[in-house]
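Fold and contact review
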Amino acid sequence: MNKVEITGTGSYVPPKIVDNNDLSLIVDTSDEWITSRTGIKERRISQGEDTSDMATKAAIEAIKDAKISVEDIELIVLATVTPDSFMPSTACIVQKNIKAVNATCFDVSAACSGFAYAMDIAVQFIRAGRFKNVLVIGADTFSKILDWKDRSTCILFGDGASAAFLQSGEEDQILSTYTGSDGSKGDSLTCPAVAVNNPYVDGVTGTIKSVVGMEGREIFKFGVKVLEKSVKALLQQADCTLEEIKYIIPHQANYRIIECAAKKLGIGMDRFYINLDSYGNTSAASIGIALDEVRKKNLVKKGDKILIVGFGGGLTYGGFILKVNL
Ligand code: COA
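Everything numeric in this text was worked out from a predicted model, so none of it was measured.

Backbone hydrogen bonds hold the strands of a sheet together, and the pairing may be parallel or antiparallel. Strand order in the open sheet formed by five strands is S1-S7-S6-S4-S5, with mixed pairing between adjacent strands. The two strands at the open ends of the sheet, each matched to only one other strand, are strand S1 (3-12) and strand S5 (104-108). Ignoring which end each strand starts from, the neighbouring axes of this sheet average 20° apart. With five bridges connecting them, strand S4 (residues 75-79) and strand S6 (residues 133-140) associate as parallel partners.

Looking now at the pairing of strand S7 (residues 160-169). With eight of 10 residues buried, S7 lies mostly within the body of the structure. Judged from the nine bridges that link them, S1 and S7 form a sheet pairing that is antiparallel. Directly across from Val4, in S7, lies its bridge partner Ser168. As paired strands, S6 and S7 are joined by eight bridges and run antiparallel to one another. The partner of Gly138 across the bridge, within S7, is Ser162.

This part is about the nonpolar core. Formed by 47 residues in total, the largest nonpolar core has its most connected members in Val231, Leu235, Ile248, Leu307, Phe311 and Ile321. Only helix H7 (216-238), strand S11 (245-250), helix H8 (255-265), strand S12 (305-312) and strand S13 (316-323) provide two or more residues apiece to this core. Top contributing element to this core by residue count: H7, with 11 residues. Look past the residues within four positions of Phe311 in its chain and what remains in contact with it is Cys112, Ser113, Phe222, Gly223, Val226, Leu227, His251, Ala253, Ile257, Thr316 and Tyr317.

In the neighbourhood of the ligand, 21 residues make up the surrounding shell, with Thr29, Arg151, Gly216, Arg217 and Asn254 lying closest. At 3.3 Å, a side-chain N or O of Trp33 approaches a nitrogen atom of the ligand. One of the backbone nitrogen or oxygen atoms of Gly216 is found 2.9 Å away from a nitrogen atom of the ligand. For the ligand, the protein covers 74% of the area, taking 960 Å² as the surface of the free molecule. For the shell around the ligand, the secondary structure elements donating two or more residues are helix H2 (31-38), helix H6 (151-154), H7 and S12. With four residues, the top contributor of residues to the shell around the ligand is H7.

Turning our eyes to something else, we now look at the UniProt feature "active site" (unreviewed entry) in the chain. Per the UniProt record, "active site" (unreviewed entry) is found at Cys112, His251 and Asn281. In summary, the annotated positions, though distributed over 170 residues, converge in three dimensions, the widest C-alpha pair being only 8.4 Å. Residue placement: His251 occurs in the loop between S11 and H8. By relative accessible area, His251 is classed as buried at 1%. Setting aside residues no more than four positions away along its own chain, His251 makes contact with Cys112, Ile258, Asn281, Ser283, Ser286, Ile287, Val309, Gly310 and Phe311. Along the chain, Asn281 turns up in the loop between helix H9 (276-279) and helix H10 (286-296). Look at Asn281 and you get buried, because its relative accessible area is 5%. Setting aside residues up to four positions removed in sequence, Asn281 forms contacts with Ile40, Cys112, Leu156, Phe157, Gly158, His251, Gln252 and Ala253.

The subject of this paragraph is the pairing of S4. Of all five residues that make up S4, five are buried, and the element is covered over most of its length. Judged by which residues are buried, S4 turns out to be covered on both faces: Leu75, Val77 and Ala79 on one side and Ile76 and Leu78 on the other are all buried. Of the strand pairs in this sheet, S4 and S5 are connected by five bridges, and their pairing is parallel. Paired with Ala79 across the bridge in S5 is Val108. Assessed by its sense of winding, the connection that carries the chain from S4 through helix H4 (residues 90-98) to S5 is right-handed.

The subject of this paragraph is helix H5 (residues 114-127). Its 14 residues place the ends of H5 20 Å apart at the C-alpha level, agreeing with the 20 Å of an ideal helix rising 1.5 Å per residue. Burial of H5 is extensive: 11 of the 14 residues sit out of reach of the surface. Buried residues of H5: Gly114, Phe115, Ala116, Tyr117, Ala118, Met119, Asp120, Ala122, Val123, Ile126 and Arg127, and no others. In the stretch just after H5, Gly129 is the one whose phi turns positive, near 85°.

Further remarks concern the pattern of salt bridges. Here the structure, examined in full by the defined rule, presents 15 salt bridges. A salt bridge links Glu61 to Lys296; the nearest nitrogen and oxygen atoms lie 2.9 Å apart. With Glu61 in helix H3 (residues 51-66) and Lys296 in helix H10, the pair connects residues that are 235 residues apart, well separated along the chain. A salt bridge links Glu218 to Lys221; its shortest N-O distance comes to 3.4 Å.

Let us now look at unusual backbone geometry. Between Met87 and the following residue, Pro88, the backbone shows a cis peptide bond with an omega angle of 0°. Note on placement: Pro88 falls in the loop between S4 and H4. In this chain, Gly314 is followed by Leu315 through a cis amide linkage whose omega measures -10°. Within the element layout of this structure, Leu315 appears in the loop between S12 and S13. The phi dihedral of Ala111 is positive, around 45°, even though this residue is not glycine. Within the element layout of this structure, Ala111 appears in the loop between S5 and H5. Residue classification places Ala111 among the buried residues on the basis of a relative accessible area of 11%. The backbone of Asp239 shows a phi angle near 55°, a positive value even though the residue is not glycine. Its place among the elements puts Asp239 in the loop between H7 and S11. In this structure Asp239 comes out as exposed when scored by relative accessible area, which is 70%.

Reading the values: the criteria
- Just so you know, the residues in each chain are numbered from 1, in the order the chain's sequence is written.
- Residues qualify for local features only when their pLDDT is at least 70, as the model is predicted, and side-chain atom pairs are given and counted only at 80 or more; totals for whole chains, interfaces and linings, by contrast, use all residues.
- Processing note: side-chain calculations cover all non-hydrogen atoms of the structure and skip hydrogens and water entirely.
- In this scheme, strands are said to pair when DSSP sees at least two bridges between them.
- Helix and strand definitions follow DSSP, with helices as H or I runs of at least four residues and strands as E runs of at least two, each counted in order from the N terminus.
- As a rule, the C-alpha atoms of each element are fitted with a line to give its axis, helices using only the stretch in contact, and angles between N-to-C directions run from 0 to 180 degrees.
- Exposed residues in this analysis have more than 50% of their type's maximum accessible area, buried residues have under 20%, and partly exposed residues fall in between, with area computed by a 1.4 Å probe over protein chains only.
- Side-chain atoms within 4.5 Å link the members of a nonpolar core, which is a set of buried Ala, Val, Leu, Ile, Met, Phe, Trp, Tyr and Cys residues.
- Note on contacts: a residue pair qualifies if any of its non-hydrogen atoms lie within 4.5 Å across the two residues.
- Proximity criterion: a residue is near a molecule or strand once any of its heavy atoms comes within 4 Å of it.
- Think of a polar contact as two N or O atoms within 3.5 Å of one another; within protein, one of them needs to be a possible hydrogen donor and the other a possible acceptor, and neighboring residues in sequence only count if both atoms come from side chains.
- Residue-level accessible areas treat just the shown protein chains as cover; the underlying method is Shrake-Rupley with a 1.4 Å probe.
- UniProt positions are given in the numbering used here, feature names are shortened, and annotations may be inferred rather than shown by experiment.
- Think of it like this: strands point away, you trace from the first strand over the helix to the second, and a clockwise trace means the crossover is right-handed.
- Here the expected length of a helix is defined as 1.5 Å per residue gap, with one fewer gap than residues.
- By convention in these notes, a salt bridge is any Lys or Arg side-chain nitrogen within 4 Å of a carboxyl oxygen on Asp or Glu.

Okay, structure coming up:
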């Protein structure tokens, strides 16, 4: 089995900062409510950049970091639930933008777990010997699918993209991977696409609004449960203890979800890397942005272990443990 190394990371968020007070001008909310319920203070909102634009910028950074040539990229796996279009896939648009002419490209739909799912796919392809150089991207422009009149959802999300470059190498840096889904609870976090509407459909088909719908409390409980479950599963598979983990990078959805999971795991909040106060929930980009920050702020050194875990619509969850070698 081939060994997998992460040789580069990158991230991008749009420049426009929207803080809680800005949101209180468009919906009936307040900085106090948002901060106390979620921990979010501000988020970045696209002023026209689409998912592929942000993904391209994060990808270019990861490619530079990995010091590889674009012609060497064999696979681009891009996680998003806010693609530019049904087709071409956003991965193919990024391929065109960066001129990765030798890559196979496809999108993965696993909402906020997307980065973890895409990483797992990349890792398995490299281990199996199918590809040696893989670009993983998580990117979402949630601002285009939010109902900006719904104060219970529009305050939670931000836009962004992140990327990681994975290569077949000398030392295996991925100590475990884990994924799971529960489609039976899919209705608690949704964004409908287009209705079946053709000359052979009986009756009148109503138009569908592609906006996010959410049962906040259900998702809250789900997040706490699968965070704990994923951490335990990843540790068991890697045969390591929580004490050996330098940082847990959780999906950046809500400070209180992380707090509840920390209590269940019997650990302090200082064991988690959290940046949701600055970016809100950036969906598939979230854990990759945090991973890029942890590396670029030099918060980890060679040999440190990071446990990364995501959860979201589908419902889906998953993660991986990474041994830092950069
Ligand atoms: N500002 C002010 N009041 C708000 C509000 C806002 N932005 N959003 C909702 N409220 C109101 C509700 O209307 C409700 O008012 P009512 O009691 O008069 O009906 C009250 O606040 C409580 O609403 P509730 O939904 O019970 O609040 P909550 O404590 O469960 O917090 C969430 C709501 C969304 C913050 C919380 O459920 C949550 O974070 N869930 C997880 C969401 C998530 O992370 N999704 C993405 C996962 S990938």
